[in-house]
Amino acid sequence: MSERPRLGVFKFASCDGCQLALLDAEDQLLQLAGAVRIAYFLEASSRIEPGPYDIALVEGSITTPADAERIQQIRRDAKFLVTIGACATAGGIQALRNWSDTDEFLRAVYARPEYISTLATSTAIADHVRVDFELRGCPINQQQLIEVLQSLLAGRRPRTPTHSICLDCKRRGTVCVMVAAGTPCLGPVTQAGCGAICPAYDRGCYGCYGPAVQANLASLTTHLIAKGEAREKVVYRLRGFNGYSPEFRAESDRLESIEEREG
Amino acid sequence: MPNENAAVSKRLPDSDGNPQQSHFVATEAFASIFEVLQGKGYTVIGPTIDQHAIVYDQVRSLQDLPQGWTDRQGAGEYRLERRDDNALFGYVVGPHSWKHFLFPPAMTVATADKTASGWTFQTPEDDPPKYAFLGVRACELAAMRVQDRVFMAGPYVDPAYHQRRSGALIIAVNCSQAAPTCFCTSMGTGPQCTSGFDLALTELTDGFVIAAATRDGEEILSELKSRPATVEELRQAAAVTQRAAEQVERRLDTTNIRDVLFANLDHPRWDDVAQRCLSCANCTMVCPTCFCSSVQEVSDLSGQHVERQRQWDSCFNFDFSYMNGGVIRDTTRSRYRQWLTHKLASWIDQFGSSGCVGCGRCIAWCPVGIDLTEEVAAIREPTS
Amino acid sequence: MSIPASTTPSSSQQVPNPWQAHAVSIRSIQQEIDGVSTYDLAFDNAAADGTYRFSPGQFNMLYLPGAGEIAISVSDDPARSASSCRHTVRTAGNVTRTLGKLQPGDTLGLRGPFGTAWPMADCIGRDVIIVAGGIGLAPLRPAIYTLLRERRCYGRLNLLLGARSPGTLLYRSEFAQWEERGLVVQTTVDQSTPDWTGNVGVVTLLLERLRSFDPTNSVLLCCGPEVMMKFTAVTAQHRGIPPERIWISMERNMQCAVGLCGHCQWGPEFVCKDGPVFRYDRIARWIDVERL
Ligand SMILES: Cc1cc2nc3c(=O)[nH]c(=O)nc-3n(C[C@H](O)[C@H](O)[C@H](O)COP(=O)(O)OP(=O)(O)OC[C@H]3O[C@@H](n4cnc5c(N)ncnc54)[C@H](O)[C@@H]3O)c2cc1C
Ligand code: SF4
Ligand code: SF4
Ligand code: SF4
Ligand code: SF4
Ligand code: FES
């Protein structure tokens, strides 16, 4: 290969979490490199090179009409498009607005709402363009990011675990907070990636890495409710960083509709 | 070994069925066992309180043991509670099992390094501590026997397990109580410790009745301040285990279990349990006999040094049965069926015994309280 | 009265480490068909060189550091040489793609041989029918070489080979030589091409029509996709071959290849050590169970 693979990093609506993980990883990225040419990374340098890009890392969700346009161009320019973080993969915490009236928000927050151009929803990148690989997490795990890039550079398909958080709790010897302390936990339905940090600090999992493969949400929520958690609190629990992922969304909507039916 | 009182000792047969004399060691004298073991180079692993539970970890003195604590267990539930006495071993079994130490959850099994002449391959030196396991229950001794067959009896021996297991000293404790999750009596594994230990203890109010079953065990016993146990102490010790046996209420009907399960691979109950099962793998992780693992490549940034890391894995994981053509067990139904039929049926074909020792961990530590004894009972019900 | 020294269960003390890989280097690469190449791997270590022995049907674990380790059958002649052996690999995913980028002289790791073998001794004095689908011919090639070496020991020899299309018939260049030495080769394809004048359809059709064998004195060896093996076994039994003379080679996810990791379980069987070659009557019960 004469030319190093070109990497672009693109940002949409998001906080700084994943960006920090990226910047923190920059040293390692550069080491990985000699291997890559960073062709577009506004947050790290002012260099802007036009596409095509071999690898595009996309952070953030689509919340404005302009975003919806821009992602189409990035897709056209990218050979392999990787979304990173809960915003890009599931719409992020800002997707909470999908359950409410955006205009009302605007009027409440801004003095001149007519200057604000926004969509009614915050949606995942995959709702707009084809995505080649999703790196989950809020924020993403730096080691996983390196593994993804290392794999892509070596011409392999990245492999990140799809198992539940529980498995990692057990491997590290953490005692289950749900069983031993009655603390509600989303771990059994959440994909691994963080290393099961929260239960190790005596908290339930918040679902930062999104739904585990074939997550059985109905069984877990039924159990939480049977153990005494109010249904609306379970809905609230599901509507976190990955609340708008299809699985979590369907379950919180289902619980809410029961609520409405029952008055 | 002197044995003046064979008639009495026979009530507590040791692992060979050879009567060894039981001794009595007062609690204060027992405290010195830590020094004795450390003096012989052992790292002592035993029960201790951590994270709302009695776990197995390194213990250095009597103070580290869960004196005066017990556990209350049910399906999907475990709570620590105060006892009204000062028992050291007055609990049942917790979230950890000894497999954490014999079969580490993660370890490097091989390495590869790129040199000028190409890749070279090594297996790293493995220098585990010499463990003394303190407080091993009868069902756990049975679980070790099961894993011994898995890891050491086949044509290939697992080097990590073999090394840890060969060096380990086992100090068993006869259970003084049973949890509602226990069903060792159905599996024929407890609550009495009958073989597979160096020393076996039975806790009485002010000390222990101790029997040695091996020369290693005898040597340790000889360094503790002890005296031959009295007939009354032996009677009390027998009553302790008797009480535990009577407390075991849960039953698993093992009659023809292998054939019953294999004849029911299409039973509607598998769909039913799949509605509840989270496929989270907790049951397999806490099970003291589950042995599955997978190997991951961990390479440094340059890609010139690669470690092959073996980690605990589980048949509940979607990727577990991945093949390029597709995942074989791609439904929770098929994965739960794999777990249950492996534990209770195919294990018998593979290793000549059940893969379940009746410890009840999978029942207590299932986040939604799925109970395999109930599932088996339902499968045994004739379907219409 | 004896008392054991410790509780350590007896087991041989000098245990070889099953995770230790041998370094091998690629002696040559031959492309067979689109996406399938044969790699001749030579032992780099003098100690391993010349001592490697395998039986037809056994497999090795090929290890590409960073990419992973995969099960690949030995496709060589067991009598050829002990200093190198050939493996025929279809490009599927990560590891096989990485292998595809290597050149002669490059090194990789090898552990093996593992698993059960085809019942060559059982074939003596009998007609032998080999049924293969696609890449499934690779683990059968060592059996073919073995049969042809001592041709007079066996009865009539038939190879029934199915492939997706004419272009994906494996080892086609060897057919003439095999036929010459007394193996009747019949092929069929799922999708025909304009220049194809041969059979079209599933391989079991060839078995249904086969005349030149005595069902009461035949052995059938089969490797291919699972459904194909299942239907081959059914057809073979219809044709009168008893289940205890039908053999199939199974495939499952493999991590350790030595019966320690649990991945390859198929009902009570460990495909890595109880298989991959199974006598049909032993596993007939399991082959019909979905998602086992
Ligand atoms: C006993 C046995 C003999 C085999 N012989 C041959 C052969 O001679 N030629 C050949 O081309 N192929 C053979 N295969 C299949 C070969 O192992 C897979 O095609 C290969 O593992 C795919 O790996 P990958 O990394 O390229 O694919 P990916 O899809 O990226 O797989 C990733 C990983 O999953 C596992 N895996 C994936 N597919 C399989 C599979 N089919 N079987 C077992 N594990 C799998 C491996 O650990 C692999 O590294 C054999 C398989 C078995 C079990
Ligand atoms: S603490 Fe949560 S993630 Fe950990 S094992 Fe329990 S339920 Fe699973
Ligand atoms: S299956 Fe359950 S009860 Fe049986 S040994 Fe395993 S964890 Fe204990
Ligand atoms: S039950 Fe599952 S995890 Fe446990 S040993 Fe069997 S296959 Fe492995
Ligand atoms: S039975 Fe319970 S612990 Fe086991 S995988 Fe299912 S939900 Fe998890
Ligand atoms: S591949 Fe590990 S047990 Fe068969």
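It should be noted that the structure appears before, not after, this text.
Residues numbered from 1 in each chain as written. Chains lettered and ligands numbered in written order. Predicted model: local features only at pLDDT ≥ 70, side-chain atom pairs only at ≥ 80, totals over all residues. Heavy atoms only, no water.

All names here are of chain C. Taken in spatial order, the six strands make up an open sheet running E4-E3-E6-E1-E2-E5, and their pairing is antiparallel. The open sheet has two edge strands with one neighbour each: strand E4 (68-73) and strand E5 (84-90). Each strand axis lies, on average, 40 degrees off the axis of its neighbour in the sheet, ignoring direction. Judged from the eight bridges that link them, strand E1 (residues 22-33) and strand E2 (residues 36-43) form a sheet pairing that is antiparallel. (Pairing = 2+ DSSP bridges. Helix = DSSP H or I, 4+ residues; strand = E, 2+ residues; numbered from the N terminus. Axes fitted to C-alpha atoms, helices over the stretch in contact; angles between N-to-C directions.)

Let's shift gears to the interface of chain C and chain B. Contacts between chain C and chain B engage 55 residues on the former and 66 residues on the latter. Summed over both partners, the interface of chain C with chain B comes to about 5,100 Å²; 57% of that surface belongs to carbon and sulfur atoms. For the chain C face of the interface with chain B, the top three residues by lost area are C:Trp19, C:Leu260 and C:Arg291, together amounting to 14%. One can count two salt bridges joining chain C with chain B. Between B:Arg308 and C:Glu69 there is a salt bridge, and its shortest N-O distance comes to 3.0 Å. Between the two partners, chain C and chain B, sit 18 residue pairs in polar contact (both at pLDDT 80 or more). Among the elements of the structure, E1, strand E3 (59-64), E4, strand E6 (107-114), strand E14 (269-270) and helix H7 (280-287) of chain C are those that each provide at least two residues to the side of chain C that touches chain B. Top element by residues in the side of chain C that touches chain B is E6(C). It accounts for five residues. (Contact = heavy atoms within 4.5 Å. Buried area = accessible area lost by both parts, 1.4 Å probe. Salt bridge = Lys/Arg side-chain N within 4 Å of Asp/Glu carboxyl O. Polar contact = N/O pair within 3.5 Å; in protein donor to acceptor, adjacent residues only side chain to side chain.)

Next up on the list: the site of ligand 5. Among the 13 residues in the neighbourhood of ligand 5, the closest are listed as B:Cys277, B:Leu278, B:Cys280, B:Cys283 and B:Cys366. Split into classes, the residues belonging to the shell around ligand 5 amount to eleven nonpolar, two polar and no charged. (Near = heavy atom within 4 Å. Nonpolar A, V, L, I, M, F, W, Y, C, P; charged D, E, K, R; others polar.)

On to a nonpolar patch on the surface. On the surface, a cluster of nonpolar side chains totalling about 270 Å² of accessible area is made up of C:Val227, C:Phe231 and C:Val234. Among the secondary structure elements, C:Phe231 is positioned in helix H6 (residues 226-238). (Patch = residues over 30% accessible without salt bridge, like charges linked within 9 Å, V, L, I, M, F, W, Y side chains within 5 Å. Areas by Shrake-Rupley, 256 points an atom, 1.4 Å probe, with all protein chains shown as cover.)

Quick look at the site of ligand 1 now. Every one of the 24 residues lining ligand 1 counts as a neighbour, but B:Tyr322, B:Asn324, C:Ala71, C:Thr96 and C:Glu251 are closest to it. The site occupied by ligand 1 is bordered by residues of chains A, B and C. Residue C:Glu251 places a side-chain N or O atom 2.3 Å away from a nitrogen atom belonging to ligand 1. Calculation on ligand 1 without its partners gives an accessible area of 820 Å², and the protein chains cover 91% of this total. Within the residue set of the shell around ligand 1, elements represented by two or more residues are strand E15 (322-323) of chain B together with E4, E5 and helix H1 (94-100) of chain C.

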